[in-house]
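# Survey of secondary and tertiary structure
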Protein chains: 2
Amino acid sequence: MGFAETFKALGDPVRREILVMLKFGKMSAGEIASKFDLTQASVSYHLSQLKKAELIRENKQKNFIYYELNASVFEEVMLWLSQFGGTQNEK
Amino acid sequence: MGFAETFKALGDPVRREILVMLKFGKMSAGEIASKFDLTQASVSYHLSQLKKAELIRENKQKNFIYYELNASVFEEVMLWLSQFGGTQNEK
DNA sequence: CGCCTATTTAGAAATATTTCTAAACAGATG
DNA sequence: CATCTGTTTAGAAATATTTCTAAATAGGCG
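Nothing here was measured: the structure is a model prediction, and the numbers come from that model. (Residues numbered from 1 in each chain as written. Chains lettered and ligands numbered in written order. Predicted model: local features only at pLDDT ≥ 70, side-chain atom pairs only at ≥ 80, totals over all residues. Heavy atoms only, no water.)

### A few points about the protein's contact with DNA strand D
In plain terms, the rule: Any residue with at least one heavy atom within 4 Å of a molecule or strand is counted as near it. Whenever a nitrogen or oxygen atom comes within 3.5 Å of another N or O atom, the pair is scored as a polar contact, on the condition that within protein one atom can donate a hydrogen and the other can accept it, and that pairs from neighbouring residues in sequence are kept only if both atoms are in side chains. Runs of E in the DSSP output that reach at least two residues are strands. Runs of H or I that reach at least four are helices, and both are numbered from the N terminus. Three categories are distinguished: nonpolar for Ala, Val, Leu, Ile, Met, Phe, Trp, Tyr, Cys and Pro, charged for Asp, Glu, Lys and Arg, and polar for the others, with Gly belonging to the last.
Around DNA strand D, the surrounding shell holds 21 residues, and the nearest of these are S42, Y45 and H46 of chain A together with G30 and Y67 of chain B. Near-protein atoms of DNA strand D (within 4 Å) split between backbone and bases, with sugar and phosphate holding 68%. Y45 of chain A is positioned with one of its side-chain polar atoms (N or O) 2.8 Å from a phosphate oxygen of DNA strand D. For the surface near DNA strand D, the secondary structure elements donating two or more residues are α4 (40–52) of chain A together with α3 (29–34), α4 (40–52) and β3 (64–69) of chain B. Of the residues forming the surface near DNA strand D, the biggest block, four residues, is contributed by α4 of chain A. Of the residues in the surface near DNA strand D, the class split is eight nonpolar, nine polar and four charged.

### A short note on the packing of helix α1 (residues 3–10) of chain A against helix α5 (residues 71–82) of chain A
Residues and elements named next belong to chain A. Filter applied, for reference: Between N-to-C directions, angles span 0 to 180 degrees; the directions come from axes that are lines fitted to C-alpha atoms, helices contributing only their stretch in contact. Oblique is the label for any angle not covered by the other classes, which are roughly parallel (under 35 degrees), roughly antiparallel (over 145) and roughly perpendicular (65 to 115). When checking whether two residues touch, look at their non-hydrogen atoms; a contact exists if any pair is within 4.5 Å.
Look at α1 against α5: their axes get within 11 Å of each other, and the N-to-C directions meet at 100 degrees. Taken together, α1 and α5 sit at an angle that is classed as roughly perpendicular. Here α1 contributes F3, T6 and F7 to the contact with α5, which in turn contributes V73, E76, V77, W80 and L81. Residue composition of the contact of α1 with α5, by class: six nonpolar, one polar and one charged.

### Thoughts on the sheet that holds strand β1 (residues 27–28) of chain B
Picture the strands of a sheet paired through backbone hydrogen bonds; they go either parallel or antiparallel. Residues and elements named next belong to chain B. We apply this condition: Note: two strands are recorded as paired if DSSP finds a minimum of 2 bridges between them.
The sheet built from three strands is open, its strands ordered β1-β3-β2 with antiparallel pairing. Two strands in the sheet have a free side with no partner beyond their single neighbour: β1 and β2 (56–61). As judged from the six bridges shared by β2 and β3, these two strands associate in the antiparallel manner. Across the sheet, the residue bridging to E58 is Y67, located in β3.

### Digging into the side chain of D12 of chain A
Residue and element names in this part refer to chain A. To keep things clear, this is the line we draw: Each residue's exposure class comes from its accessible area (1.4 Å probe, protein chains only) as a fraction of the maximum for that residue type: buried when under 20%, exposed when over 50%, partly exposed otherwise. His is not counted, nor are the chain ends, whereas Lys and Arg count as positive and Asp and Glu as negative. Salt bridge criterion: a side-chain nitrogen from Lys or Arg within 4 Å of a carboxyl oxygen from Asp or Glu.
Relative to the elements of secondary structure, D12 occurs in the loop between α1 and α2 (13–22). Within the buried set, D12 has no salt-bridge partner at all; the shortest N-O distance to an opposite charge, 4.5 Å, is to R15. A polar atom in the side chain of D12 sits 2.8 Å from the backbone nitrogen of V14.

### Description of the interface of chain A and chain B
Note the cut-off: Accessible-area loss on putting two parts together, using a 1.4 Å probe and summing over both, is the definition of buried area adopted here.
Tallying the contact residues gives 25 residues for chain A and 25 residues for chain B. Between chain A and chain B, a total of about 2,300 Å² is buried, with carbon and sulfur atoms accounting for 75% of that surface. On inspection of chain A and its partner chain B, the count reaches zero salt bridges. Where chain A touches chain B, the interface holds two residue pairs in polar contact (both at pLDDT 80 or more). With eight residues, the top contributor of residues to the side of chain A that touches chain B is α5 of chain A.

Rendered as structure tokens:
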């Protein structure tokens, strides 16, 4: 799977904010970019990092590219983290 | 809390390996360093990053510094991740 | 086809991270 | 106290990441 890429992707505040935005539904690259004070090219770079980490999926329609969350990788990350006792078991 | 630091800390493979080692019990800085092909100074740097992220705690004894996991921050990270549907609910 | 519109790619500059070597520090011990 | 052991800190070099501007691509539309 590649935890390195996943955690690196999650390490950036812009990328975490993109993920939070996508919780409320899919958005096009342009819509996402408009929420940040960054060029579209920079936001495109962040989207590519999130996609590489498989935290989001893209889906082309007309000449828009829509992005949406990919819940399964979040699950895998949580599973990995749970090995450190991060649930409400012990204590 | 500071998810930026936490995820950045988790993004490095050496640091993830340190965390996995600490699952089996506390270890001194020297013991940890001996498991890597890196100088002690470099491993010390990684330990400082993990400590800054509060993923580990230190505990001095004699002239050794022992490191151990801090489960509570793992919990917070999992909680944050769960907002993205990363548990076995929906579907 | 020729041209919009939405988005990405390339390449460069700025910034941050990782690693090393050398030096410093802190506590125990002879 | 002088020194040894375990570890960190400082500073520099190597590498990676983030951002920008400018150019390229891709698909739909008149």
